[in-house]
Amino acid sequence: MARKPRFSLPGVPQHVIQRGNNRDPCFFAEDDYHRYLGDLREALDRNDCRLHAFVLMTNHVHMLLTPMSEHGVSHLMQDLGRKYVRYINHTYRRSGTLWEGRYKSSLIDSEAYLLTCMRYIELNPLRANMVTHPGEYRWSSYAANANGRDNPLLSLHPVYRQLGADPAARQHAYRELFRQHMDHTIIHDIREALNQELVLGREDFKIRIEQMTQRQTRPGRLGRSRTIDAEEAVADYYVL
């Protein structure tokens, strides 16, 4: 059976998850986290992608990325995967795969869901009962986005920049978002979009993506619609 093609549009964020094979660990020691982040930084530069949020869990990784070219995310994940797997296999004298098949991703409507997706990603350690506050977890972007800790991996998305006129105001507004309860419905929607590799967004956003790609953005039948130009479709979501 042919693989389902992913949605990948320049300038439109993607929520990406990659799990360890059989849900086994993909990080075994502190050095492994450092190595992955170092490899990720190089892969971001080589493949012209912007990283807005991430968390490295024991047996899986979440990232919120914006590719600046059509295949930027897929090339980044291939690049990163090859280097990191070679490192793990050499370090621990193992062989074979580390990851559970190919990564999964969903397209994100940045105006409506970017900040929600960032919260979802950075709250993973809390949901896993590993910490009592996201700031206690070392291997995520929370310290940078919420507290201003320098992290050369990250690029500020325009939606995040709109939280405040200066870094202190943005960070305060971002921290305030974490005081709000994340509804189970939105958690379900985020997970479903990822598992089915569809689109997380408002109806008008999904319609525009369907018009542009002639592909379904949600379960159900894709109706007939006018095809629109790619630049027109993503203009409102482009990251500078």
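The structure this text deals with has already been given above.
The following refers to the structure shown.

Attention shifts here to the nonpolar core. Counting residues in each nonpolar core, the largest one holds 59 residues, and the members touching the most others are Y36, L40, L51, L56, M63 and Y174. In terms of residues, this core owes the most to one element, helix α2 (residues 72-91), which gives eight residues. The residues touching Y36, leaving out its near neighbours within four places in the chain, are F27, L56, V61, M63, L80, Y84 and W99.

Let us now look at the pattern of salt bridges. Across all of its chains, the model carries 12 salt bridges by this definition. Note that R35 and D39 form a salt bridge whose closest N and O atoms lie 3.2 Å from each other. With R35 and D39 both in helix α1 (residues 30-47) and four residues apart, the pair spans about one turn of that helix. As a salt-bridge pair, R202 and D204 come within 3.8 Å of each other at their nearest N and O atoms. On the basis of relative accessible area, R202 is assigned to the partly exposed category, the value being 33%. According to the relative accessible area criterion, D204 is partly exposed, its value standing at 42%. Look at the salt bridges and you will find they share partners, linking R35, D39, E42, R46, D79 and K83 into a network.

What follows is about the environment of S105. Along the chain, S105 falls in strand β4 (residues 104-108). The exposure class of S105 is buried, given its relative accessible area of 3%. Beyond its immediate chain neighbours, meaning those up to four positions away, S105 contacts R6, Q14, H15, V16, A193, L194, E197 and L198. Within polar-contact distance, the side chain of S105 engages the side chain of Q14 at 3.5 Å.

If you check helix α3 (residues 110-122), its first and last C-alpha atoms are 17 Å apart, about what 13 residues at 1.5 Å a residue would give, namely 18 Å. Counting buried residues in α3 gives 11 out of 13 residues, a clear majority hidden from the surface. Three or more residues of α3 are buried, namely S110, Y113, L114, L115, T116, C117, M118, R119, Y120, I121 and E122.

Our focus in this paragraph is the side chain of H62. Considering the arrangement of structural elements, one finds H62 in strand β3 (residues 60-67). Taking relative accessible area as the criterion, H62 reaches 2% and is therefore assigned buried. A polar contact of 2.9 Å, which involves the side chain of H62, links it to the side chain of H15. Not counting the four nearest positions on each side in its chain, H62 is found in contact with H15, V16, I17, A53, F54, V55, Y120, I121, N124 and L194.

Turning our eyes to something else, we now look at the packing of aromatic side chains. As enumerated under the stated definition, the model contains 12 aromatic pairs in all. Linked through ring pairs, F27, Y33, Y36, Y84, Y87, W99 and W139 together constitute an aromatic cluster. Across the ring face of Y120, the terminal group of R127 is positioned such that the distance to the ring centre comes to 4.1 Å.

So, on to the sheet that holds strand β5 (residues 199-200). Strand order in the open sheet formed by five strands is β2-β3-β1-β4-β5, with mixed pairing between adjacent strands. Edge strands, defined here as strands with exactly one partner in the open sheet, are β2 (49-56) and β5. This element, helix α8 (residues 184-195), spans β1 (14-19), β3, β4 and β5 of the sheet and lies at about 120° to β4.

Rules behind the numbers
Residues numbered from 1 in each chain as written. Predicted model: local features only at pLDDT ≥ 70, side-chain atom pairs only at ≥ 80, totals over all residues. Heavy atoms only, no water. Core = buried A, V, L, I, M, F, W, Y, C linked by side-chain atoms within 4.5 Å. Buried < 20%, exposed > 50% of the residue type's maximum accessible area, 1.4 Å probe, protein only. Helix = DSSP H or I, 4+ residues; strand = E, 2+ residues; numbered from the N terminus. Contact = heavy atoms within 4.5 Å. Salt bridge = Lys/Arg side-chain N within 4 Å of Asp/Glu carboxyl O. Polar contact = N/O pair within 3.5 Å; in protein donor to acceptor, adjacent residues only side chain to side chain. Expected span 1.5 Å × (residues − 1). Phe/Tyr/Trp six-rings, centres within 6.5 Å; stacked < 30°, edge-to-face > 60°. Lys NZ or Arg CZ within 6 Å of the ring centre and 35° of its normal. Pairing = 2+ DSSP bridges. Axes fitted to C-alpha atoms, helices over the stretch in contact; angles between N-to-C directions.

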